Amino acid sequence: MEEKTKRPAGRPKKTKEGGRNMTLYLNLKIAEKLKELGGAKWITKKIQEELAKEK
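Remember, predicted model here, so these are calculated numbers, not experimental data. (Residues numbered from 1 in each chain as written. Predicted model: local features only at pLDDT ≥ 70, side-chain atom pairs only at ≥ 80, totals over all residues. Heavy atoms only, no water.)

## Points about the pattern of salt bridges
Alright, step 1. For the structure shown, the criterion picks out three salt bridges.
Alright, step 2. The partner of E49 in a salt bridge is K46, and the shortest N-O contact between them spans 3.8 Å. Remark: K46 and E49 occur in helix α2 (residues 40-54); sequence separation between them is three residues, near one turn of the helix. (Salt bridge = Lys/Arg side-chain N within 4 Å of Asp/Glu carboxyl O. Helix = DSSP H or I, 4+ residues; strand = E, 2+ residues; numbered from the N terminus.)

This is the structure we're talking about:
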């Protein structure tokens, strides 16, 4: 019988791209609005825009 390797539980600490998962505490109204705006993708887009301004 073949041996199966067991994957670790939970999320990986870092992504292949060199990123990492983050946890933020947000007010419920803010969390709902963030979800409407696109969540993590929206945050990433806004931060990239700010970084572009700095250059």
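## So, helix α1 (residues 28-37)
Alright, step 1. The buried fraction of α1 amounts to one of the 10 residues, a small share that puts the element mostly on the outside.
Alright, step 2. Count one or two residues on from α1 and you reach G38, which has phi positive near 125 degrees. (Buried < 20%, exposed > 50% of the residue type's maximum accessible area, 1.4 Å probe, protein only.)

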